[in-house]
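# Analysis of the macromolecular model
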Amino acid sequence: MKYLVLALMLVSFVHCASNPNQLTEDGKKVQIMSGKKPMEGCEVVDKVIGENDISSIQVSTNKVRNAAAKKGANYVLIEDEILNGSKAKVIATAYSCAE
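The structure displayed is predicted, hence computed values, not measured ones.

Summing up its helical and strand segments, the protein has 3 helices and 4 strands in all. Reading the protein from its N terminus to its C terminus gives the helix and strand order α-α-β-β-α-β-β. Taking all 99 residues of the protein together, 29% fall into the buried category. Carbon together with sulfur atoms contributes 56% to the accessible area of the protein, which is approximately 6900 Å² in total.

If you want it as structure tokens, here you go:
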């Protein structure tokens, strides 16, 4: 019984430490551009999409920022936010911009 409790605690800790809905440290460095056009001095890195099944645009935005960070971007320009029942999707373009 003692080992079962320890195993459950370990699984719980690992799950909390790797929550894919939260911003990673690198994702926190990716800023969201305002406006309809990219800033001057920016180059397109790639399109990025964030999706979830809990009706949260914020969670999808976190996923977009995390994905952009993995691709080496430091800014995203959000193109579309879609809510459809319990599904939420954010579509963005990731940019590398001179700072």
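Text resumes after the structure shown.
This next bit is on the sheet that holds strand β3 (residues 75-84). Whether parallel or antiparallel, the strands of a sheet pair through hydrogen bonds between backbone atoms. Strand order in this open sheet of 4 strands is β1-β3-β4-β2, and the pairing throughout is mixed. Where the open sheet ends on each side, the last strands, each with one partner, are β1 (31-32) and β2 (42-52). Each of β1, β2, β3 and β4 (87-97) touches helix α3 (residues 57-70); the most contacted strand, β2, lies at about 140° to it.

Across all of its chains, the model carries 1 disulfide by this definition. Shown here is the disulfide that connects Cys42 with Cys97, its sulfur atoms set 2.0 Å apart. Measuring handedness by torsion sign, the sulfur bridge of Cys42 and Cys97 sits at about 115° and is right-handed. Of this pair, Cys42 sits in strand β2 while Cys97 sits in strand β4; the two residues are 55 residues apart in sequence, bridging distant segments of the chain. Residue classification places Cys97 among the buried positions, given a relative accessible area of 6%.

Here β1 pairs with β3 via 2 bridges, running parallel. Note on β3: the bridge partner recorded for Gln31 is Tyr75. Sheet topology places β3 next to β4; 9 bridges connect them, and they run antiparallel. From the neighbouring strand, Ile78 faces β4, where its bridge partner is Ala92.

Now for the pattern of salt bridges. Here the structure, examined in full by the defined rule, presents 6 salt bridges. Notably, a salt bridge pairs Lys28 with Glu25, separated by 3.2 Å at the nearest N-O pair. A residue pair is termed a helical-turn pair when its members lie 3 or 4 positions apart in one helix, as Lys28 and Glu25 do in helix α2 (residues 25-28) at 3 residues. Accessibility expressed as a relative area gives 47% for Lys28, which makes it partly exposed. Its relative accessible area of 57% is what places Glu25 among the exposed residues. Of the charged contacts, one joins Lys47 and Glu79 as a salt bridge, the two residues approaching to 3.9 Å between their closest N and O atoms. Taken together, the residues span a long stretch of sequence, with Lys47 in strand β2 and Glu79 in strand β3 at a distance of 32 residues. A relative accessible area of 47% places Lys47 in the partly exposed class.

Parameters and conventions
Residues numbered from 1 in each chain as written. Predicted model: local features only at pLDDT ≥ 70, side-chain atom pairs only at ≥ 80, totals over all residues. Heavy atoms only, no water. Helix = DSSP H or I, 4+ residues; strand = E, 2+ residues; numbered from the N terminus. Buried < 20%, exposed > 50% of the residue type's maximum accessible area, 1.4 Å probe, protein only. Areas by Shrake-Rupley, 256 points an atom, 1.4 Å probe, with all protein chains shown as cover. Pairing = 2+ DSSP bridges. Contact = heavy atoms within 4.5 Å. Axes fitted to C-alpha atoms, helices over the stretch in contact; angles between N-to-C directions. Disulfide = S-S within 2.5 Å. Salt bridge = Lys/Arg side-chain N within 4 Å of Asp/Glu carboxyl O.

None of this, on its own, says anything about what the molecule does.
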